[in-house]
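# Structural overview for review
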Amino acid sequence: MCWAFLFQQNYTILNEANIHQRQEEDITRVSTVLSITRVSASILLRHYNWSVSKVHDEWFADEEKVRKVVGLLEKPVVQIPNARELTCGICFETYSRDRMNAASCGHAFCSACWTGYISTSINDGPGCLMLRCPDPSCGAAVGQDMINVLASDDDKEKYTRYLLRSYIEDNRKTKWCPAPGCDYAVDFVVGSASYDVSCHCTYSFCWNCTEEAHRPVDCGTVAQWILKNSAESENMNW
Amino acid sequence: MVDFARVQKELSECNRDVTISGIRIVPQSDNLLHLSGTIPGPIGTPYEGGTFKIDIILPDGYPFEPPKMQFITKVWHPNISSQNGAICLDILKDQWSPALTLKTALLSLQALLSAPEPDDPQDAVVAQQVLLSPVLTPMHPLDFHLSFFQYSLVSICVWAPQYLRDYPTFAGTARYWTETFAKTNSIGNEEKVQKLLEMGFPEDLVRTTLKEVGDDETMALEKLCPG
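Because the structure is predicted, anything quoted here is derived from the model rather than measured.

So, about the interface of chain B and chain A. In this assembly, 13 residues from chain B lie in contact with 13 residues from chain A. Taken together, the two surfaces of chain B and chain A that pack against each other cover about 950 Å², and 70% of this comes from carbon and sulfur. Counting the surface chain B buries against chain A, the share from its top three residues, K9, F64 and A99 of chain B, is 50%. In this assembly, chain B and chain A are joined by one salt bridge. Put simply, K9 of chain B and E93 of chain A hold a salt bridge, and the shortest N to O gap is 2.8 Å. Counting across the chain B and chain A interface gives four residue pairs in polar contact (both at pLDDT 80 or more). Residues belonging to the side of chain B that touches chain A are distributed by class as follows: six nonpolar, two polar and five charged.

Moving on, we come to the UniProt feature "active site" (unreviewed entry) in chain B. Residues and elements named next belong to chain B. Per the UniProt record, the feature "active site" (unreviewed entry) sits at C88. Note that C88 resides in the loop between β4 (68-71) and α3 (102-114). Look at C88 and you get buried, because its relative accessible area is 14%.

So, on to the nonpolar core. One finds V30, L44, C88, W114 and I118 of chain A to be the most contacted residues of the largest nonpolar core, which totals 54 residues. Sorting elements by how many residues they give to this core places helix α8 (residues 153-169) of chain A first, with six residues. Ignoring sequence-local partners within four residues, the contact set of W114 of chain A consists of N101, A102, A103, H107, F109, P134, V142, M146 and L150 of chain A. Membership of the second largest hydrophobic core comes to 38 residues, among which are C14, L58, I80 and L112 of chain B.

What counts and what doesn't
- Per chain, residues are indexed from 1 in the order of the written sequence.
- Labels are handed out in written order, letters beginning with A for the chains and numbers beginning with 1 for the ligands.
- Residues qualify for local features only when their pLDDT is at least 70, as the model is predicted, and side-chain atom pairs are given and counted only at 80 or more; totals for whole chains, interfaces and linings, by contrast, use all residues.
- Only hydrogens and water are set aside; all other atoms, that is, all heavy atoms of the structure, feed into the side-chain values.
- It only takes one pair of heavy atoms within 4.5 Å for two residues to be counted as in contact.
- A simple way to read buried area is as the amount of 1.4 Å-probe accessible surface that goes missing from two parts once joined, with both sides added.
- In the sections that follow, a salt bridge refers to a side-chain nitrogen of Lys or Arg positioned within 4 Å of a carboxyl oxygen of Asp or Glu.
- Definition of a polar contact: a pair of N or O atoms within 3.5 Å, with one able to donate and the other able to accept a hydrogen when the atoms are protein atoms, and with sequence-neighbouring residues admitted only if both atoms are side-chain atoms.
- Residue classes follow a fixed rule: Ala, Val, Leu, Ile, Met, Phe, Trp, Tyr, Cys and Pro count as nonpolar, while Asp, Glu, Lys and Arg count as charged, and any other residue, Gly among them, counts as polar.
- UniProt positions are given in the numbering used here, feature names are shortened, and annotations may be inferred rather than shown by experiment.
- Strands are runs of DSSP state E lasting at least 2 residues, helices are runs of H or I lasting at least 4, and numbering of each runs from the N terminus.
- Think of it in three bands: residues with accessible area under 20% of the maximum for their type are buried, residues over 50% are exposed, and the middle band is partly exposed, with areas taken using a 1.4 Å probe on protein chains only.
- Among buried residues, the Ala, Val, Leu, Ile, Met, Phe, Trp, Tyr and Cys ones that are joined through side-chain atoms within 4.5 Å form a nonpolar core.

Printed below as a string of structure tokens:
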């Protein structure tokens, strides 16, 4: 029994399709349990490093606080005025109502300005996954639904990449295979006895320090060894 | 890329109520990418009575990227470099929002003058310099002009320690700088100062001498050249 446990594989290798599927499943789970939209669920998960249990814990402990911190408003903070034409708060031009968009807060800006705002943020890096309403005093989250409507195809593609990468990189249980050019990720059962992982790309590495597999030597010794090897003085000694 | 229509609107909107806000923005060049703003020193602070000039450069991505602002007028302030006028303010960096404007940014600078933020995280190298440098002994503003150059070697945000430790000295120095650099007549004097500087006189001496002789260039020159 005890031996069987040792031989059981304590990790799973994931390709892009697997990663995507898992991410979707997690989003579905949160969205169903909390009865919120999938976009909101995605924002929540991203905020809590894709830990479904953490999202559940925090949400049921204090929903109001979570909503505030993450920027998921239940109702708009401002009502979009009933006028036929509105002034955009960024370019100060006047547009008809149907050309204005707002996040859950109700702060309306024209489509061109939204596109510029989103594009600047996406080209700034993965921080775009936590995009907020442009109004300085407003913390309302801007989710993928708005990105899909307002961003260019290029930017949408980048956003989706960042979202996928975030699922692996921000999650405590997953890591990318460190081999150069390898696109597989590893889902590891945290707390298992052996750190050895063998990726589908044939690279074997240590989960803990992501250096080449080094059992039975411990990670600290390996780090020292690598440092020693890289130090120029050792070559001189030779 | 820059939204010129918006910049034009901003300028006319800002200059419309210049009598109320005291904040003025004028273009430096004809393409609206390089502007300069002026703010009055807030009343009840060591900056009262001064007029502070700020250089504004609009990046390509404006208004989605923050404008680059820098004080042209020398200011003694924990969050502003005494050397080159660089500003430590969050809304000019990561807290910028396209819904803010040049005017609101200048208003924030004015607010920063009234309420310095000495606890703001600052340049580590400079901070170290502060700790190591003998320059930092608190100084009476009257002695200040003697070591102007010594002082100006240490840059930015450095003055936070002084602000925290010795507020009277800080306020005295800030007032002295406002008197010397930010009073309207001293701005008009800039050309004369430049001329005398080119002749090789030290800046602090040029400014004090000009002041003593009532801004008369010839008299100042006579005074500067003994014999």
